[in-house]
Amino acid sequence: MSVLKSRPVLRWLVPVTAVVTVIGGGAALGTFAAQAEPSLPPRTAAQLLVDLQTSRLEGLSGTVVQRADLGLPPLAGLVGGDGLTGLLTGTHTLRVWHSGPDRQRVALMDTLGERDVIRNGRDVWIWNSRSNTATHRTLPEHTAGADAPELPATPGEAADRALAAIDPSTEVSVGRSATVAGRDAYELVLAPRDAASLVHQVRIAIDAREHVPLRFEVFADGSDKPAFELAFTQVSYARPDADQFNFNPPPGVKVTEETAGKRPAAAPGKQPTERPDVRTVGESWGTVVVARLDGAGAPDRAGAAPERAGKETTGAPAGKGSTGDPAALLGALPAVSGDWGSGRLLTGKMFSALLTDDGRLIAGAVTPERLYEVARG
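The rules behind the values
Residues numbered from 1 in each chain as written. Predicted model: local features only at pLDDT ≥ 70, side-chain atom pairs only at ≥ 80, totals over all residues. Heavy atoms only, no water. Phe/Tyr/Trp six-rings, centres within 6.5 Å; stacked < 30°, edge-to-face > 60°. Helix = DSSP H or I, 4+ residues; strand = E, 2+ residues; numbered from the N terminus. Buried < 20%, exposed > 50% of the residue type's maximum accessible area, 1.4 Å probe, protein only. Lys NZ or Arg CZ within 6 Å of the ring centre and 35° of its normal. Core = buried A, V, L, I, M, F, W, Y, C linked by side-chain atoms within 4.5 Å.

Colleague: Describe in detail the packing of aromatic side chains, supporting the description with residues and values.
Modeller: Considering all chains together, one arrives at 3 aromatic pairs under this definition. Between the aromatic rings of Trp-125 and Phe-247, the centroid separation amounts to 4.9 Å while the plane-to-plane angle is 45°, which identifies the pairing as tilted. In this pair, Trp-125 sits in strand S5 (residues 123-128) while Phe-247 sits in the loop between strand S12 (228-236) and strand S13 (254-259), placing the two residues 122 residues apart along the sequence. Taking relative accessible area as the criterion, Trp-125 reaches 15% and is therefore assigned buried. Taken together, a centroid distance of 5.3 Å and an interplanar angle of 5° make the contact between Trp-340 and Tyr-372 stacked. Placement of Trp-340 in the loop between strand S17 (335-338) and strand S18 (341-347) and of Tyr-372 in helix H5 (residues 368-376) is noted, with a sequence separation of 32 residues between them. Within the aromatic cluster, the residues linked to one another by ring pairs are Trp-125, Trp-127 and Phe-247. Over the ring of Trp-97 we find Arg-105; its NZ or CZ atom is 4.7 Å from the centre of that ring.

Colleague: Before we move on, can you summarise the nonpolar core with the specific residues and values?
Modeller: In terms of nonpolar packing, the biggest core is built from 38 residues, with Leu-60 and Val-202 touching the most fellow members. Of all the secondary structure elements, the ones that give two or more residues to this core are helix H2 (45-54), strand S1 (60-69), strand S2 (89-98), strand S8 (178-180), strand S9 (183-192), strand S10 (199-207), strand S11 (213-220) and S12. Examining the composition of this core, we find that 5 residues originate from one element, S10, more than from any other.

Below you can see the structure in the form of structure tokens.
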């Protein structure tokens, strides 16, 4: 899979930081309309991978719809609000513009206002019309981009991350042809071979002419509907006007100036991004993240499950006082215990997270049994 070592076309996307910043709500949309399959010349999975690697993109603009149905438990205050958790449920619509590596913009338009993140050279603006505030940051010279955030903003960013996982642990095939945003597209299908993975398939719809990812879908085991989906509903490959990347603060806006700080020097023998309290176990689809949380642990030891590996008992129900109270939220999660210890378990369609009483957070897109194995080790 050396063809995946360099994928220029997948780097056109707007930095994902923008989505984490701008999304705080979304417009309710129906499901993407089904269309007849276009008739396209046959192409193999290897040919589609080469298409992704060799394509060149001068510019792009369009509308992206993101939907998530991760099967989170209905705990008051767990999902929603103006932060990252707002992406974990519901539907969100964004406008995106791209014109080279240093000109990008993403905007969320909803009933409560507009939120934008704009990069124009070294200038980065974050604007929130609802609060009438803006933040301006000047990037250091020769900056390639911001640190990669947790969640993707476009089908291209999501595809880039999924393709990086291709190795012997992944079965790659060609799915059905499709029409996405009025464009004929091939479908590349990635299927994990690891039985512990909660991901059944990842499907990437690729523009048949421009070779740009137009839709990205993740399916959980046992489900015929995507648990996570990013798709263009409208796309243009014309280079956007330069004016799209100019930001003039509206009258009365409160502007905060920030200085882009430098990363602290790494300790001898360590990479700059290494953290002693965070590590990973396993690889590819079975990767599990282990983090040490100072002073953390399940907040309520009373009524913990008996010593049965992988067995669950229901903790205190979410109720009054749960919203905004992390201890109460954690206390509403099922208590689990075994020869690895004890703690609280959060599960969804696409992930499992274990917070142990000794202060470890263990999470991944894997079954709880895999988390128990890691906790035991």
